[in-house]
Amino acid sequence: MAASALFVLDLKGRVLLSRDYRGDVNPKQAERFITKLNELEESGKVTPVILDEGVSYIYVQYSNLYLLAVAKNNINVGSILLFLHKLKEIFTHYFQELEEESLRDNFVIAYELLDEVMDFGYPQFTEAKILSEYIKTDAHKMEVAMKPPMAVTNAVSWRSEGIKYKKNEVFLDVVESVNLLVNSNGTVVRSEVVGALKMRTFLSGMPECKLGLNDKVLFEAQGRGGKSNKAVDLEDMKFHQCVRLARFDNDRTISFIPPDGAFDLMTYRLSQNVKPLIWVECLVERHSRSRTEYMVKARSQFKERSSATNVEILLPLPPDAITPNVRTSQGAAVYAPEKEAMVWKIKNFPGGKEFLLRCKFGLPSVEAEEEAKGRMPPIRVKFEIPYFTVSGIQVRYLKVIEKSGYQALPWVRYITTGGEYEIRMA
């Protein structure tokens, strides 16, 4: 079902912009929303959706503003929340900063945008690039009569016609982020891989792209599910709106007409058991009541042909540690008091290698020593491993077909990064 009205309010509840799309709600609903919100904040029960006397209030707070949608029916809350976030992106695209002052300076354009992005309460066009082609700012007004771009009148709302490049190229980055939690006994408590296919397209015309992966479901359907074929079982797959979902459900081919520029084609998740790529052990030795030493081993547990780059290991220290003295067998370590940690940076960490760090520091008092014996924050690890994926996902092909018949250059790159990668200290 559709939204009845949109409001943009300041933090005090004053209406800056409003548009009534269906005429079935009272303009005073904005005042009612602020009253209910204040009541919920006082009770500590704030939610992004508020129901009151048969009216739904769905809102997003950004900077010093509330973007509010009001409905008097059973509304699809998920789609409206997504629409409000898209509306925020559109305003930011036009005004650089979305604030009360920028809206007051651009009332006319803001109301034009509200008329275009929603019709009778149903979301319409939310691509800022397309909207900016025919809703111009004062600095870019055209004197000739403008007709709406094809992107507004055809099914491909994310791409305009007439795009031209001298060199047609497609860049595809397969980026996987490893989330890992290891307890103080060395047991992996949580591990998952979150992946994304990030694309940058510089293609002329209206090209059709086809992408094939080593998808387990496809391989089994084709009778190629043997051990020799390395296939991955992807979970929670989410696609950009340009992907033809019916085609994917039918033959697992990712077929699409891409937007121009950068976008995320697909995201996925794997909840498989991941072997820690970089293992960190920390032995704590207390030489006296006020002197402590850390002996840290960092070991890479991936194949020798790969190397991790920009490795950063954060070793937590007690808040009142003094005069830290550190030595490393590789890289450099610096005490960061604002992070209450020793930051060990290694530019290049080859597979199958082990590096050591020794850190001695003092504690100013007996009380501080007792405090240090309590629970310390976990060791955090950041890294990048180019040309490597944990899941084993592979791009089997990336084809670009356009009616003019030009040859496009596809570039594919793989990279694995450390996400929420934490190892608890003993």
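Structural data are supplied above this passage.
Residues numbered from 1 in each chain as written. Predicted model: local features only at pLDDT ≥ 70, side-chain atom pairs only at ≥ 80, totals over all residues. Heavy atoms only, no water.

Moving on: the nonpolar core. In terms of nonpolar packing, the biggest core is built from 70 residues, with Leu211, Phe256 and Leu265 touching the most fellow members. Looking at this core element by element, the count peaks at six residues for strand S8 (residues 169-182). If near-sequence neighbours (up to four positions away) are discounted, phenylalanine 256 is found in contact with Met199, Pro207, Glu208, Cys209, Leu211, Cys242, Val243, Arg244, Phe263 and Leu265. (Core = buried A, V, L, I, M, F, W, Y, C linked by side-chain atoms within 4.5 Å. Buried < 20%, exposed > 50% of the residue type's maximum accessible area, 1.4 Å probe, protein only. Helix = DSSP H or I, 4+ residues; strand = E, 2+ residues; numbered from the N terminus. Contact = heavy atoms within 4.5 Å.)

We now examine the sheet that holds strand S22 (residues 395-401). Strand order in the open sheet formed by three strands is S12-S10-S22, with antiparallel pairing between adjacent strands. Only two strands of the sheet have a single partner each, and these edge strands are strand S12 (254-256) and S22. Taking each pair of neighbouring strands and ignoring which way they run, the sheet shows an average axis angle of 10°. Pairing of strand S10 (residues 208-213) with S12, which is carried by three bridges, proceeds in the antiparallel orientation. For leucine 211, the partnering residue across the bridge sits in S12 and is isoleucine 254. (Pairing = 2+ DSSP bridges. Axes fitted to C-alpha atoms, helices over the stretch in contact; angles between N-to-C directions.)

Inspection of every chain in the model, using the stated rule, returns 15 aromatic pairs. Considering the side-chain rings of phenylalanine 107 and tyrosine 111, the 6.4 Å spacing of their centres and the 35° angle between planes classify their relative orientation as tilted. With a gap of four residues between them, phenylalanine 107 and tyrosine 111 both fall in helix H4 (residues 107-117), about one helical turn apart. Among the residues examined, phenylalanine 107 registers a relative accessible area of 30% and is labelled partly exposed. Relative accessible area serves as the criterion here: at 25%, tyrosine 111 is assigned to the partly exposed category. Ring plane angle 50° and centroid distance 4.7 Å describe the contact between phenylalanine 349 and phenylalanine 355, whose orientation is recorded as tilted. Relative accessible area serves as the criterion here: at 0%, phenylalanine 349 is assigned to the buried category. Of the residues examined, phenylalanine 355 reaches a relative accessible area of 11% and is grouped as buried. Taken together, Phe33, Tyr57, Tyr59 and Tyr66 form an aromatic cluster joined through their ring pairs. (Phe/Tyr/Trp six-rings, centres within 6.5 Å; stacked < 30°, edge-to-face > 60°.)

What follows is about the pairing of strand S23 (residues 409-423). Pairing of S8 with S23, which is carried by 13 bridges, proceeds in the parallel orientation. In the strand pairing of S23, phenylalanine 171 is matched with tryptophan 411. Inspection of the sheet shows strand S21 (residues 379-386) paired to S23 by five bridges, in the antiparallel sense. Looking at S23, one finds that isoleucine 385 is bridged to threonine 416.

All chains considered together, the criterion is met by 21 salt bridges. In this structure, aspartate 251 and arginine 247 form a salt bridge, with 3.0 Å as the shortest nitrogen-oxygen distance. Placement of the pair is aspartate 251 and arginine 247 together in helix H8 (residues 245-251), with a separation of four residues, close to one helical turn. A relative accessible area of 29% places arginine 247 in the partly exposed class. A salt bridge links glutamate 281 to arginine 299; the nearest nitrogen and oxygen atoms lie 3.9 Å apart. Of this pair, glutamate 281 sits in strand S14 (residues 278-286) while arginine 299 sits in strand S15 (residues 291-300), placing them 18 residues apart in sequence. Since its relative accessible area comes to 37%, glutamate 281 is described here as partly exposed. Residue arginine 299 is classed as partly exposed on the basis of its relative accessible area, which comes to 26%. When salt bridges with common partners are traced through the structure, they connect Arg190, Glu192, Glu235, Asp236, Arg269 and Glu420 into a single cluster. (Salt bridge = Lys/Arg side-chain N within 4 Å of Asp/Glu carboxyl O.)

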